[in-house]
Amino acid sequence: DGKIHRACAVRCLAGGVPAALRIRGAESPMKYVLLADRDGSPVNEHVIEMVAEQVSITGRLTRLGDLHILRADPATYRRDSK
């Protein structure tokens, strides 16, 4: 969670652990979704530079059993300005 764990998250992504996005909504509980490109392939190499930053991603949310997967083109991921 946050910048303090950034180094750990980068190592996990480099080692092949799937990328996940933490979603916080004002009116909803915190959730995690796995990130994939539009075809469902891993995006690890595309997100390493954004670890622990607030981002905006628009894509298609799919479900595989209990897993929620956000499929989007990594080129469209945007850092949120603070």
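One can find the structure itself at the top, above this paragraph.
Residues numbered from 1 in each chain as written. Predicted model: local features only at pLDDT ≥ 70, side-chain atom pairs only at ≥ 80, totals over all residues. Heavy atoms only, no water.

Colleague: Go over the nonpolar core with me, naming the residues and quoting the values.
Modeller: Core analysis: the biggest nonpolar cluster contains 15 residues, and Leu21, Leu35, Val47, Ile57 and Tyr77 have the highest contact counts within it. Contributing elements (two or more residues each) for this core: helix 1 (6–14) and strand 2 (31–36). (Core = buried A, V, L, I, M, F, W, Y, C linked by side-chain atoms within 4.5 Å. Buried < 20%, exposed > 50% of the residue type's maximum accessible area, 1.4 Å probe, protein only. Helix = DSSP H or I, 4+ residues; strand = E, 2+ residues; numbered from the N terminus.)

Colleague: Requested: an account of the pairing of strand 4 (residues 60–64), with residues and values cited.
Modeller: Here 5 bridges tie strand 4 to strand 5 (residues 67–71), and the two strands are oriented antiparallel to one another. Bridge pairing links leucine 61 to leucine 70 in strand 5. Once strand 4 ends, the chain turns through 2 residues before running back antiparallel as strand 5, passing glycine 65 with a positive phi of about 65 degrees. (Pairing = 2+ DSSP bridges.)

Colleague: Help me get a handle on the environment of glycine 15, residues and values and all.
Modeller: Structurally, the position occupied by glycine 15 is in the loop between helix 1 and strand 1 (20–23). In this structure glycine 15 comes out as exposed when scored by relative accessible area, which is 68%. Taking the C-alpha atoms as reference points, glycine 15 and methionine 50, 35 residues apart in sequence, are found 16 Å from one another.

Colleague: Quick rundown of the layout of surface pockets? Include the residues and the values.
Modeller: Put simply, the largest pocket is a space of about 840 Å³. Mapped by element, the contributors of at least two residues to the lining of the largest pocket are helix 1, strand 1 and strand 2. Here the element with the most residues in the lining of the largest pocket is helix 1; it accounts for 5 residues. (1 Å grid on protein atoms, 1.4 Å probe; cavity = no way out; pocket = protein on both sides within 12 Å on 5 of 7 lines; lining within 4 Å. Points joined across faces, edges and corners; volume = space filled by probe spheres on them.)

Colleague: Break down unusual backbone geometry for me, citing the residues and quoting the values.
Modeller: One non-glycine residue with positive phi stands out, namely alanine 52, at about 70 degrees. Tracing the backbone shows alanine 52 in the loop between helix 2 (44–47) and strand 3 (55–56). You can call alanine 52 partly exposed: its relative accessible area is 30%.

Colleague: Could you give an account of the sheet that holds strand 4, naming the residues involved and the relevant values?
Modeller: Strand order in the open sheet formed by 4 strands is 1-2-5-4, and the pairing between neighbours is mixed. Looking at the sheet topology across the chains shown, the edges are occupied by strand 1 and strand 4. The average undirected angle you get between the axes of adjacent strands in this sheet is 35 degrees. (Axes fitted to C-alpha atoms, helices over the stretch in contact; angles between N-to-C directions.)

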